[in-house]
Amino acid sequence: METDWDEIARVGFPPPGIHAMPTPASTLAFDNSQELLWAGNEYGRVSSFYGPELQKYTSFRAHASVEGPVRQLLFNDKGVISVASRSIHMSSRRGLTMWHITHDKMIDLRCMSYTSKGTSEILVAGCQPTMFRVDVDKGKIVEELPAADQYTMMKRAHYICAATKTGAVDMLDHYSFKVVKKWQAHAGYINDMDARNNFLVTCGVSPRQQQAYMLDPLANVFDLKKLAPLPPIPFHAGAAFVRMHPRMSTTSIVASQTGQLQVVDLMNPNTVNLRQANISSFLMALEMAPSGEALALTDGDCFLHLWGSRSKIHFAELSSPTELADPVVPLQPLDWSIDTPLHSIGLPYYRDTLLSSWPSHLVFEVGNPPSKLDPDILATMTASGYAPNPKKTRRYQVHDTRLAEKISAPLMAPKFLSEKARESPSSPRTERRISDAAEALGEIALAGGAPIKAEVPVMYRNVEIKYSRFGVDDFDFEYYNKTKYSGLETHIANSYTNPLLQLLKFTPLLRNIALHHAASSCLVESCLLCELGYLFDMLDKANGQNCQATNFLKTFSSLHQAAALGLLEESSPNSSLTAMIQSVCRFLLDRITTDFTSTSNSTQIEEILKTTASMSIRCVHCSNETSRPGNTYVNDLIYPTKTKNQPRVAEPSFSQILKASVERENQMRGWCDKCRRYQQLVTRKSIESIPLVFMINTALSTPEAKQLWSKPGWLPDEIGIVIQSGQFFCFQGQDLKLHLQRGIHPITVYELIGVVADVNSGEHQKSHLVSIINVGISSREPEEENLWHLFNDFLVRPVTKDEALKFAQTWKLPSVLCYQIKSARNLIDDTWREKLDTSLVYSEYTVNQSEKIKDYRVLSQTTEAPQEGTLVAIDAEFVALQQEEIEIKADGTRETIRPSRLGLARVSVLRGSGPDEGLPFIDDYITASEAVVDYLTAYSGIQPGDLDPKQSRRTLVPLKVAYKKLWLLLNLGCIFVGHGLPKDFRTINIHVPKAQVVDTVDLFFIRARQRRLSLRFLAWFLLKESIQTENHDSIEDARTALKLYRKYLEFVDAGILPAMLTEIYTRGKDFNYKVPQPVQQVPTGSSNDAGTELGSGNNNTSTTTGAMMFGAGAPATPTLAPNNSNNNNGFAYPSTPSGTATPPLLRDNGPETPPVRTTPAPVVSSDGQFWTPTKGTYFGSPMR
């Protein structure tokens, strides 16, 4: 409150009715986006006043008069929210009702506050046992919550601060709404409080003599960051009301009921500024404007008082124009007579778009233009109008005459992989590649899409994944990417960060440090630097195949700081992607720096990213100067502002803008310790050192700034920087070449790695982000030239340098830039492979609290250390985290909008060779960090409780620990053996090169048959083992796949593999590829019997190998080679001991069909003997 502050307006609060007496305002609040002051009365009516004169704007009844006074007001972009004792109401600022909520449990509501989701959700409470979570956009109660106490008022800061009836304050968490801390502020009750940033200030009453309540002569202060009380503010007149200054974080205004105002600094309570409000009764409420330039008071005489400086007063920090009623324009008198010519009556001239001018998305084509007559019909038509039918079309066929007006070559989506597999290899290819279609399309809109700007090239437009009944695995990503650089998929939440992740991946210094950190011993679950390392390694190994940043985005989405900053799509659905990606850039660089320094004492990450600077702050009045650190990881560009009378000057270059932005000289009002008052301050940065990687946010907000970027060649691909005496100098183009030739100053040259750009495809289409990157800088071949590529999610295409650095004000604007020191070009450091911390592979790690079941033995570091070529068998099980979303169209067809999302629940890895072949050394269950919607027990073997650390008896580990074990085995060179591994690896979010994968699905596969065989069938047919009889077990599956691989090697050595594959498919086709169900018990055979017993369970039902009965009384008479010994050289593998049940695993879906009898042909085994498969064999499906 400055010296020129005074009361500038006083108006009477309107009465509740025409003939009613005025009543005091029950609540006051300044609008945070318009120049409006709002107030509520004791009869549920809400009124607003416009501008410094407090002109009446709107007044409407929000609540029934029987509910009593309006308790509190909140604002968002759409309107104003009010709460009374039994209802919650939202109206537009013009008074139109948007929604009104009542509930049986709304007894005495008092207060409300926004939650972690910003202005889209509120928490409402009162002197009642129930709180309500309300969706502001939908006007619905989302959840009913039990209240820990009875609350009278709420303020939102670091926590939701809720005052109780007993004088205490509960600090509620923004997400769970649980009480984090309880602070007893006053002995009686709290009369008023305010919270901002890290401080909470309260005014209250305490009982005095004869149990009378009196205002406390102190305003109590609480530190919300340290959760500890601070020294109180003395106020002898009795502290009744308090407000924190919105821009000065430690300044508060305390008022008494008599109107005495005291401005005090919380950090120095002894320095105060006293003022007296001109009121004749007593003060009822106090409110501070969001701008800090206005103060509103209401008194017992029903007056509203407005305080401020007449020259500076405004309410909102950034005001939006207030919609006012149109003034009534008097009509000009018109002398009308019968002789007045009509042309003398003027027509109106409209500057605004008329309501009759429909927008394009509401205009539809109705009906067809008449079709043109066929020339053959006209040529043969008789005089009577008759002509024979040329029979060029079918009877009653109707032509789409509008189709001829459209170009018939739009960009078509690729065929699904399953459709391509069914096509004949000799059939002509009719599909088109995007690279072939781009030139032909030009300015044509995508088929069926909304109108697209003509100047937007096809490769920049939105790409979308289509789903068949086989899910995302059936989508042809290669259609969009024929390069060796992998794209990232888009069907994951928060995948808008894909372009930034690609940009960081192709920055060599950041790539190196992320991979080195991932190879260290770090096991912190929330470490984003580790996840970046895993992602970068996956993109390197993929070599052009599509990837997904599932694990990184899952970790990123789980961070509370990301949600609080509005970086998640679910919490900021209407935010600009440019603003979000720039905030993500700041957050991510700060976070990975913290992750690195938490595990290392090295300053390497700061040398790469941090701009070291000191901020000098000088008072204009007394020239007192102070300094503080001004370090930053991202520099936001500042553009010059134009004024009306400014003389015309040359447009600044990029280097000039960068210099002004880095040094950043500003003027603002702030506290001067020497003057002991608020003065005009000048701040300026002195640069001490610059990083090796220069990250820049373009911060485009004005048309003038956007016009700069649209100039061809305005963004240089190289800049030179000189730091001298704390000053930052930047050069480009010819100036840079001249300084390099002179060599007078030590100049550091940076080259542009790439740009994240915002692309606006057209009207009614949501903008999206792409990255344009010079991939040649991160190549391993130093001689490679600049190679610019466009990364539009999973669409990757080479572009020219001119195309990469060309921007358009209407559809393509940069968001984030990345420069790297030129001497680090092609500096790819792969020594992290030699420094892998493999201790995790040889140790046990678990988080469960109970005694666990152990079905494995960890590797011995001395005798079983994995190395290149080490064989391991692997299988994984998954649970459903989200059900698939399906849209049923009007014609009854089903379209998958989003496939089901699976999460890793169990992974088992077995020894693939040696004396302990088949023995697991990893059998990890993964803790459930998200809600599981379906455990898929029949297919995964996972039971509810297996993933709960408090209940599970399994080896439970976090996802990162399980992932890192597999990642270490991958980079040690292990070869993974399994069945159907690509889908497992995809869900795990790891890419294993084909040279390190042995998939039994592919080993026993004939491409011409277009059917893959299930693990259950192969085990039954080749190994004579029955698996997956009830549930799945990953150890059993991995061990079976390993045995099948050994069997495959036997067939190859014997030279009978083609004959065996033909026999398998021939018999499988006869029996519909189904494994039979045993219907009759067969006695255990001796060494002379035809079969070998597999084992029996507790239900006295045995399953035999080679002997099963199908149907009533059907004898099983197989002929089996004399190979009943328990060796692995023939077709019969060792039997399961009697009484020991094989771990259940079921992977076949669909109903069983009756078996068909055939006469199988004899087959040659690996030892040269003949055997005949069982009659009536029933083969499995191609699924696992």
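Residues numbered from 1 in each chain as written. Predicted model: local features only at pLDDT ≥ 70, side-chain atom pairs only at ≥ 80, totals over all residues. Heavy atoms only, no water.

Q: Is there a simple way to think about the overall build of the chain in this case?
A: In terms of helices and strands, the chain carries 21 helices and 54 strands. Counting every position in the chain, which comprises 1184 residues, the buried fraction comes to 51%. The contacts of the chain with a sequence gap of at least 6 include a subset with a gap of at least 24, amounting to 61%. Of the roughly 57,300 Å² that the chain leaves accessible, carbon and sulfur atoms contribute 51%. (Helix = DSSP H or I, 4+ residues; strand = E, 2+ residues; numbered from the N terminus. Buried < 20%, exposed > 50% of the residue type's maximum accessible area, 1.4 Å probe, protein only. Contact = heavy atoms within 4.5 Å. Areas by Shrake-Rupley, 256 points an atom, 1.4 Å probe, with all protein chains shown as cover.)

Q: Can you help me understand a nonpolar patch on the surface in this one?
A: A contiguous nonpolar surface patch, about 450 Å² in accessible area, is contributed by L334, W336, L342 and I345. Classification of L334 as exposed rests on a relative accessible area of 54%. (Patch = residues over 30% accessible without salt bridge, like charges linked within 9 Å, V, L, I, M, F, W, Y side chains within 5 Å. Salt bridge = Lys/Arg side-chain N within 4 Å of Asp/Glu carboxyl O.)

Q: Would you mind going over the pattern of salt bridges with me for this structure?
A: Any two side chains of opposite charge can pair, on the condition that their charged atoms come close. Enumeration over the complete set of coordinates arrives at 47 salt bridges. A salt bridge links K554 to E930; the shortest N-O distance between them is 3.5 Å. One end of the pair, K554, is in helix α7 (residues 550-557); the other, E930, is in the loop between β47 (920-926) and α15 (937-940), and 376 residues separate them in sequence. The class of K554 is partly exposed, set by a relative accessible area of 27%. Its relative accessible area of 27% is what places E930 among the partly exposed residues.

Q: What's the story with the side chain of R243 in this structure? I'm lost.
A: Structurally, R243 is set in strand β23 (residues 241-244). Polar side-chain contacts of R243 include one of 3.4 Å to the backbone oxygen of M193. With sequence-adjacent residues up to four places away left out, R243 is seen in contact with K155, D192, M193, D194, S252, I253, L286, E287 and M288. (Polar contact = N/O pair within 3.5 Å; in protein donor to acceptor, adjacent residues only side chain to side chain.)

Q: What is the right way to look at the packing of aromatic side chains in this model?
A: Taken as a whole, this structure holds 27 aromatic pairs when the rule is applied. Look at F30 and F315: their rings are 4.9 Å apart centre to centre, the planes differ by 65°, and that puts the pair in the edge-to-face class. Highlighted residues: F30 in strand β2 (residues 27-30) and F315 in the loop between β29 (303-308) and α1 (375-380), separated in sequence by 285 residues. Owing to a relative accessible area of 5%, F30 belongs among the buried residues under this scheme. Judged by centre distance (6.4 Å) and plane angle (70°), the rings of W38 and F60 are edge-to-face. With W38 in strand β3 (residues 36-40) and F60 in strand β5 (residues 55-61), this residue pair connects regions lying 22 residues apart in the sequence. Judged on exposure class, the residue W38 and its partner F60 are both buried. Members of the aromatic cluster, each reached through a chain of ring pairs, are F654, W709, W714, F807 and Y819. When the ring centre of F729 is taken as origin, the NZ or CZ atom of K659, which lies over that ring, is 4.6 Å away. (Phe/Tyr/Trp six-rings, centres within 6.5 Å; stacked < 30°, edge-to-face > 60°. Lys NZ or Arg CZ within 6 Å of the ring centre and 35° of its normal.)

Q: It is not clear to me how the nonpolar core should be interpreted in this structure. Could you clarify?
A: Nonpolar side chains tend toward joint burial in soluble globular proteins. One finds F654, L658, F694, W709, L715, Y819 and W967 to be the most contacted residues of the largest nonpolar core, which totals 151 residues. When near neighbours in sequence (up to four residues on either side) are disregarded, L658 contacts L637, F694, I696, I719, F728 and C730. Counting 36 residues, the second largest nonpolar core, distinct from the first, contains L871, V998, L1013 and Y1065. (Core = buried A, V, L, I, M, F, W, Y, C linked by side-chain atoms within 4.5 Å.)

Q: Help me understand the sheet that holds strand β30 (residues 612-619), please; the structure alone is not making it clear to me.
A: Pairing between the strands of a sheet is mediated by backbone hydrogen bonds and can be parallel or antiparallel. Overall, antiparallel pairing links the 4 strands, which are arranged β31-β30-β34-β33 in an open sheet. A single partner strand is all that each edge strand has here, and the edge strands are β31 (625-629) and β33 (666-672). Strand-to-strand twist in this sheet, taken as the mean axis angle between neighbours without regard to direction, amounts to 35°. As defined by bridge partners, β30 adjoins β31 across 5 bridges and the pair is classed as antiparallel. Across the sheet, residue S616 finds its bridge partner in β31, namely S627. (Pairing = 2+ DSSP bridges. Axes fitted to C-alpha atoms, helices over the stretch in contact; angles between N-to-C directions.)

Q: Is there a simple way to think about unusual backbone geometry in this case?
A: Here the phi dihedral of S725 falls at roughly 55°; this positive angle occurs in a residue that is not glycine. Mapping S725 onto the fold places it in the loop between β36 (718-724) and β37 (727-731). Despite not being glycine, N989 shows a phi value in the positive range, around 75°. Residue placement: N989 occurs in the loop between α17 (981-988) and β50 (997-999). With relative accessibility at 5%, the residue N989 sits in the buried group.

Q: For this particular structure, what's the right way to read the sheet that holds β2?
A: Taken in spatial order, the 4 strands of this open sheet run β2-β3-β4-β5, and their pairing is antiparallel. Lying at the two open borders of the sheet, with one neighbouring strand each, are β2 and β5. Sheet twist, expressed as the average angle between the axes of neighbouring strands with direction ignored, equals 20°.

Q: Would you explain the packing of helix α19 (residues 1015-1023) against helix α20 (residues 1034-1054) in this entry?
A: A pair of packed helices can be characterised by two numbers: the angle between their axes and the separation between those axes. Two elements in contact, α19 and α20, have axes whose closest approach is 10 Å; the angle formed by their N-to-C orientations is 50°. With respect to α20, the element α19 is oriented oblique. When you trace α19 past α20, the crossing you get is left-handed. On α20, the residues touching L1015, L1018, A1019, L1022 and L1023 of α19 are D1037, T1040, A1041, K1043, L1044, K1047 and F1051. In terms of residue class, the contact of α19 with α20 is built from 8 nonpolar, 1 polar and 3 charged. (Parallel < 35°, antiparallel > 145°, perpendicular 65-115°, else oblique. Left-handed = near helix turned anticlockwise from the far one by under 90°. Nonpolar A, V, L, I, M, F, W, Y, C, P; charged D, E, K, R; others polar.)

Q: Which parts of the structure should I look at to understand the UniProt feature "binding site: a divalent metal cation" (unreviewed entry) in the chain?
A: When the UniProt feature table is mapped onto this chain numbering, "binding site: a divalent metal cation" (unreviewed entry) sits at D875, E877, D984 and D1037. For the annotated residues, spread through 163 residues, the largest C-alpha to C-alpha distance comes to 12.7 Å, consistent with a single compact locus. Here D875 lies in strand β43 (residues 871-882). Position of D1037 relative to the elements: it lies in helix α20. (UniProt positions renumbered as here; feature names shortened; annotations may be inferred.)

Q: What exactly am I supposed to notice about the pairing of strand β14 (residues 151-156) here?
A: On a regular strand, each side chain points to the face opposite its neighbour's, so the side chains alternate between the two faces of the sheet. As paired strands, β14 and strand β15 (residues 160-164) are joined by 5 bridges and run antiparallel to one another. Looking at β15, one finds that Y151 is bridged to T164. Once β14 ends, the chain turns through 3 residues before running back antiparallel as β15.

Q: So what exactly am I meant to see when it comes to the side chain of S82 here?
A: Along the chain, S82 falls in strand β7 (residues 80-83). Residue classification places S82 among the buried residues on the basis of a relative accessible area of 2%. Only 2.8 Å separates the side chain of S82 from the side chain of H63, close enough to count as a polar contact. When sequence neighbours within four positions are dropped, the list of residues in contact with S82 reads V46, A62, H63, V70, Q72, L73, S87, I88, H89 and M112.

Q: Sorry, what's going on with helix α21 (residues 1057-1070) here?
A: Think of an α-helix as 3.6 residues a turn; residues three or four steps apart then line up on the same face. Taking 1.5 Å as the rise per residue, α21 with 14 residues should run 20 Å; its terminal C-alpha atoms sit 20 Å apart, in good agreement. One or two steps after α21, the chain reaches N1072, where phi turns positive at roughly 65°. (Expected span 1.5 Å × (residues − 1).)

Q: Explain the pairing of strand β26 (residues 268-276) to me, please; I cannot follow it from the model alone.
A: Sheet analysis places strand β25 (residues 260-265) next to β26, joined by 6 bridges and oriented antiparallel. Of the residues in β26, the one forming a bridge with V263 is N273. The antiparallel hairpin formed by β25 and β26 contains 2 residues in its connecting segment.

Q: Help me out: how do you make sense of the packing of helix α4 (residues 498-505) against helix α9 (residues 577-599) in this one?
A: Two elements in contact, α4 and α9, have axes separated by 10 Å at closest approach and are oriented at 45°. Put simply, α4 runs oblique to α9. Crossing of α4 over α9 shows right-handed handedness. From α4, L500, L501 and L504 reach across to α9, where they touch I581, V584, C585 and L588. Broken down by class, the residue content of the contact of α4 with α9 amounts to 7 nonpolar, no polar and no charged.

Q: What exactly am I supposed to notice about α9 here?
A: Compared with an ideal rise of 1.5 Å per residue, which puts 23 residues at 33 Å, α9 spans 33 Å between its outermost C-alpha atoms and is within 8% of the ideal. A distance of 3.3 Å separates the backbone nitrogen of T578 from a side-chain oxygen at the start of α9, and that oxygen is part of S576.

Q: What am I meant to see in the environment of C522 here?
A: Among the secondary structure elements, C522 is positioned in the loop between α5 (508-518) and α6 (528-542). On the accessibility criterion, C522 (5% relative accessible area) is buried. Considered as a pair, C522 and S598 are 76 residues apart in the sequence and their alpha carbons are 9.5 Å apart. Other than its neighbours up to four places away in sequence, C522 contacts H517, C527, C530, T599, K960 and K964.

Q: It is not clear to me how the confidence of the model for the chain should be interpreted in this structure. Could you clarify?
A: Detailed reading of the predicted model is not advised wherever pLDDT is low. Chain-level pLDDT for the chain is 81 on average; 84% of the residues reach the 70-or-more range. Low pLDDT, under 50, characterises residues 404-411; the stretch is placed with 15 contacts to residues that sit more than four places away or in other chains. For the stretch residues 424-451, pLDDT sits under 50, and the model shows 48 contacts to residues farther than four places along the chain or on other chains. (pLDDT = per-residue confidence, 0-100.)

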